[in-house]
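Architecture at a glance
One letter stands for each residue in the lines below.
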Amino acid sequence: MYATRALRMMPTRRMMFPVPKEDQSAHTVSQRLRKLRQIPAELIPLGVVVGFAVFAAGYSSYRKFTVDKNLRLSRQNRKDEPSEHGEHAKEH
């Protein structure tokens, strides 16, 4: 049998050189806030729109669950329904 390429364990070009110190330096809160400045200005409106969409979806779901009286969030009348699993559970 021949050895496959995946099992040769040769270091790749990316692994031969160490990662620059700056990429690993975001450990404290102030350093992470400084990293936010590196976000391109074109992505800020996109982040605002996505953030608003996530907020609106959460608010809409919460409102639907709390206001809608026809929405059934839990089982009702479980004693009236025939249960197939109840008989099997008693046998075991």
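What comes next concerns the included structure. These figures come from a predicted structure and were not determined experimentally. (Residues numbered from 1 in each chain as written. Predicted model: local features only at pLDDT ≥ 70, side-chain atom pairs only at ≥ 80, totals over all residues. Heavy atoms only, no water.)

**Topic: the overall build of the protein chain**
Here is the rule: Numbering of helices and strands runs from the N terminus; a helix is a DSSP stretch of H or I covering at least four residues, while a strand is a stretch of E covering at least two. Burial classification: accessible surface area is computed with a 1.4 Å probe over protein chains only, and a residue below 20% of its type maximum counts as buried, one above 50% as exposed, and the rest as partly exposed. Surface exposure here means Shrake-Rupley accessible area, sampled with a 1.4 Å probe, where a residue is shielded only by the protein chains that are shown.
Assigned secondary structure in the protein chain consists of four helices and zero strands. Listed by position from the N terminus, the elements making up the protein chain come as α-α-α-α. Across the 92 residues of the protein chain, 0% fall into the buried class. For the protein chain, the accessible surface area stands at approximately 10100 Å², while carbon and sulfur atoms represent 60% of it.

**A word on the pattern of salt bridges**
Using the following cut-off: A pair is scored as a salt bridge if a Lys or Arg side-chain nitrogen falls within 4 Å of a carboxyl oxygen belonging to Asp or Glu.
Enumeration over the complete set of coordinates arrives at one salt bridge. The salt bridge involving K64 is made with D68; its shortest N-O contact spans 3.1 Å. On the basis of relative accessible area, K64 is assigned to the partly exposed category, the value being 44%.

**Here's the deal with the environment of T66**
Convention followed: Any N or O atom pair separated by 3.5 Å or less is treated as a polar contact, with the protein-specific requirement of one donor-capable and one acceptor-capable atom, and with residues adjacent in sequence counted only for side-chain atom pairs.
With respect to the helices and strands, T66 occurs in helix α3 (residues 43–67). Of the polar contacts made by the side chain of T66, one reaches the backbone oxygen of R63; its length is 3.2 Å.

**So, a nonpolar patch on the surface**
Basically, it comes down to this: Residues form patches when they are more than 30% accessible in relative terms and have no salt bridge. Like charges link within 9 Å. Nonpolar side chains (Val, Leu, Ile, Met, Phe, Trp, Tyr) link within 5 Å.
Together, V29, L33, L36, I39, L43, I44, L46, V48, V50 and V54 give the surface a local cluster of nonpolar side chains, amounting to about 960 Å² of exposed area. When residues of the nonpolar patch are traced back to their parent elements, those giving at least two are α2 (29–36) and α3. Considering every element that reaches the nonpolar patch, the biggest residue donor is α3, with six residues. On the secondary structure map, V48 appears in helix α3. V48 gets classed as exposed once you look at its relative accessible area, which sits at 55%.

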